[in-house]
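Listed below are the residues making up each chain.
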Amino acid sequence: MKVKTILVSQPEPKIENSPYFDLQERQKVKVDFRPFIHVEGVSAKDIRQQKIDLSKFTAIILTSRNSVDHFFRVAEEMRFKVPDSMKYFCQSEAVAYYLQKYVVYRKRKIYVGKRNFEDLTPLIKKYKEEKFLLPTTDKVKPIIPEILDNLEVNWIQATFYKTVISDLSDLADVYYDILVFFSPSGIESLFHNFPDFKQNDTRIAVFGNTTVKAVEKKGLRVDIAAPTPETPSMTMALQKYIDSVNKGK
């Protein structure tokens, strides 16, 4: 069956040159964006109940833009002035670059990994004397605490924000040829909103092995998967699939 409509379970890209827009133009398909999950901040009061005193930490481990936003939000709510001496360990260049929203980059001690959390380990190990805070979501990847424990550093994890299922009730009678998912939470949201969901002719595109497993656990069929050596991005995987099924369109 040919593809005419795609729903991506993420917010619409803010950049004009997003590959999704290029895909839409090139393939003449309709691409809609809708976050199936969203993030809500945890109050400063709740963080105090987790026995977190920001003044006790000398280093912050930041794994995402959300962790950056919510660390500084909580600091402001607690009226805590983040000292210039604070060290920032950022999982990727994108996270480090985003940090500039809150600090003067060249005047701070910022250490940057390549992409995965594992890439940060040599940097964290080098500063084992620091007291690390990991401000994170309520659904942190298990490998992160495991790595930090194995490094035997002084660290504490605190929930600064939570992943919440979005209300999708307005989509009850809307059909898409392809649904695109990037996390198990997206699949959880799908079935929370539509407990009787049947895949039928809907194609499901997924990014990452954990998302593949979440889809299969629900008895659904994975039609498009990324990343692969041939299609390292979701848009490339979609492009290849649409090329194959829309021939003769």
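Remember, it's a predicted structure, so these values are computed and weren't measured experimentally.

The next subject is helix α3 (residues 65-77). Here α3 spans 18 Å end to end across 13 residues, near enough to the 18 Å set by a 1.5 Å rise per residue. Turning to α3, its buried residues number three or more, namely Ser-67, Val-68, His-70, Phe-71, Phe-72, Val-74 and Ala-75. Two or three places before Asn-66, at the opening of α3, Ser-64 has a side-chain oxygen 3.4 Å from that residue's backbone nitrogen. In the stretch just after α3, Arg-79 is the one whose phi turns positive, near 55°.

Taken in spatial order, the 5 strands line up as β2-β1-β9-β10-β11 in an open sheet, and their pairing is parallel. Taken across any chain shown, the strands that pair with only one partner, and hence form the sheet edges, are β2 (30-33) and β11 (224-226). If you compare each strand with its neighbour and ignore which way they point, the axes differ by 15° on average. The strands touched by helix α8 (residues 209-217) are β9 (178-181) and β10 (203-207); relative to β10, the strand with the most contacts, the crossing angle is about 145°. This element, helix α9 (residues 234-245), spans β1 (5-8), β9, β10 and β11 of the sheet and lies at about 150° to β11.

What follows deals with the layout of surface pockets. If you add up the space inside the second largest pocket, you get close to 290 Å³. The wall of the second largest pocket is formed by 16 residues, among which Leu-171, Ala-172, Val-174, Phe-194 and Phe-197 lie closest to the centre. Among the residues making up the lining of the second largest pocket, the classes are represented as 11 nonpolar, 3 polar and 2 charged.

What follows covers the pairing of β10. Burial runs high along β10: 4 of the 5 residues are buried. The sheet contact formed by β9 and β10 spans 4 bridges and is parallel. Looking across to β10, one finds that Phe-181 is bridged to Val-206. With 3 bridges connecting them, β10 and β11 associate as parallel partners. The residue bridging Ala-205 from the neighbouring strand is Ile-224, located in β11. Handedness of the crossover is the feature at issue here: the chain leaves β10, passes through α8, returns alongside β11, and the resulting connection is right-handed.

Moving on: the pattern of salt bridges. Note on pairing: side chains with opposite charge can pair once their charged atoms come close. A full pass over the atoms with the stated rule returns 10 salt bridges. Residue Glu-25 pairs with Lys-28 through a salt bridge whose shortest N-O separation is 3.3 Å. Judged by relative accessible area, which is 52%, Glu-25 ranks as exposed. Its salt-bridge partner being Asp-69, residue Lys-101 comes within 3.6 Å of it at the nearest N-O pair. You can see Lys-101 sitting in the loop between α4 (93-98) and β6 (109-112) and its partner Asp-69 sitting in helix α3, a full 32 residues away along the chain.

Attention now moves to the environment of Tyr-161. Locating Tyr-161 in the fold gives a position in strand β8 (residues 154-165). Tyr-161 sits 34 residues away from Pro-195 along the chain, and the two C-alpha atoms are 26 Å apart. In this structure, Tyr-161 is in contact with Val-39, Glu-40, Gly-41, Val-42, Ser-64, Asn-66, Ser-67, His-70, Pro-135, Thr-136, Thr-137 and Asp-138, ignoring residues within four places of it in sequence. Only 3.3 Å separates the side chain of Tyr-161 from the side chain of Ser-64, close enough to count as a polar contact.

For the rest of this paragraph, the subject is unusual backbone geometry. Look at the link from Ala-226 to Pro-227: it is a cis peptide, with omega at 0°. A positive phi is found at Glu-152, a non-glycine position, where the angle reads about 55°. At Asn-200, a residue that is not glycine, the phi angle is positive and equals roughly 50°. Take Asn-200: its relative accessible area is 61%, and that puts it in the exposed class.

Criteria and cut-off values
Once a new chain begins, its residue numbering starts again from 1 and follows that chain's sequence as written. In keeping with the predicted nature of the model, local features appear solely for residues at pLDDT of at least 70, side-chain atom pairs appear and are counted solely at 80 or more, and the whole-chain, interface and lining totals rest on all residues. To get the side-chain values, take all heavy atoms of the structure and skip hydrogens and water. In DSSP terms, a helix is any run of H or I states spanning at least four residues, a strand is any run of E spanning at least two, and both are numbered starting from the N terminus. One less than the number of residues in a helix, times 1.5 Å, gives the span that helix is expected to have. Burial status follows relative accessibility: with a 1.4 Å probe on protein chains alone, a residue under 20% of its type maximum counts as buried, one over 50% as exposed, and anything between as partly exposed. Whenever a nitrogen or oxygen atom comes within 3.5 Å of another N or O atom, the pair is scored as a polar contact, on the condition that within protein one atom can donate a hydrogen and the other can accept it, and that pairs from neighbouring residues in sequence are kept only if both atoms are in side chains. Between any two strands, at least two bridges found by DSSP are needed for them to pair. Interaxial angles span 0 to 180 degrees and are taken between N-to-C directions of axes, which are lines fitted to C-alpha atoms, for helices over the stretch in contact. Contacts: residue pairs with any heavy atoms within 4.5 Å of one another. Of the grid points, spaced at 1 Å and generated over the protein atoms alone, those admitting a 1.4 Å probe that cannot get out make up cavities, while open sets with protein on both sides within 12 Å along at least five of seven lines make up pockets; any residue with an atom within 4 Å of a point is treated as lining. Grid points are joined across faces, edges and corners, and a volume is the space filled by probe spheres set on the points. In this classification, the charged set is Asp, Glu, Lys and Arg, the nonpolar set is Ala, Val, Leu, Ile, Met, Phe, Trp, Tyr, Cys and Pro, and all remaining amino acids, among them Gly, are polar. We call a crossover right-handed when, viewed with the strands running away from us, the connection from the first strand over the helix to the second turns clockwise. By salt bridge we mean one thing: a side-chain nitrogen of Lys or Arg within 4 Å of a carboxyl oxygen of Asp or Glu.

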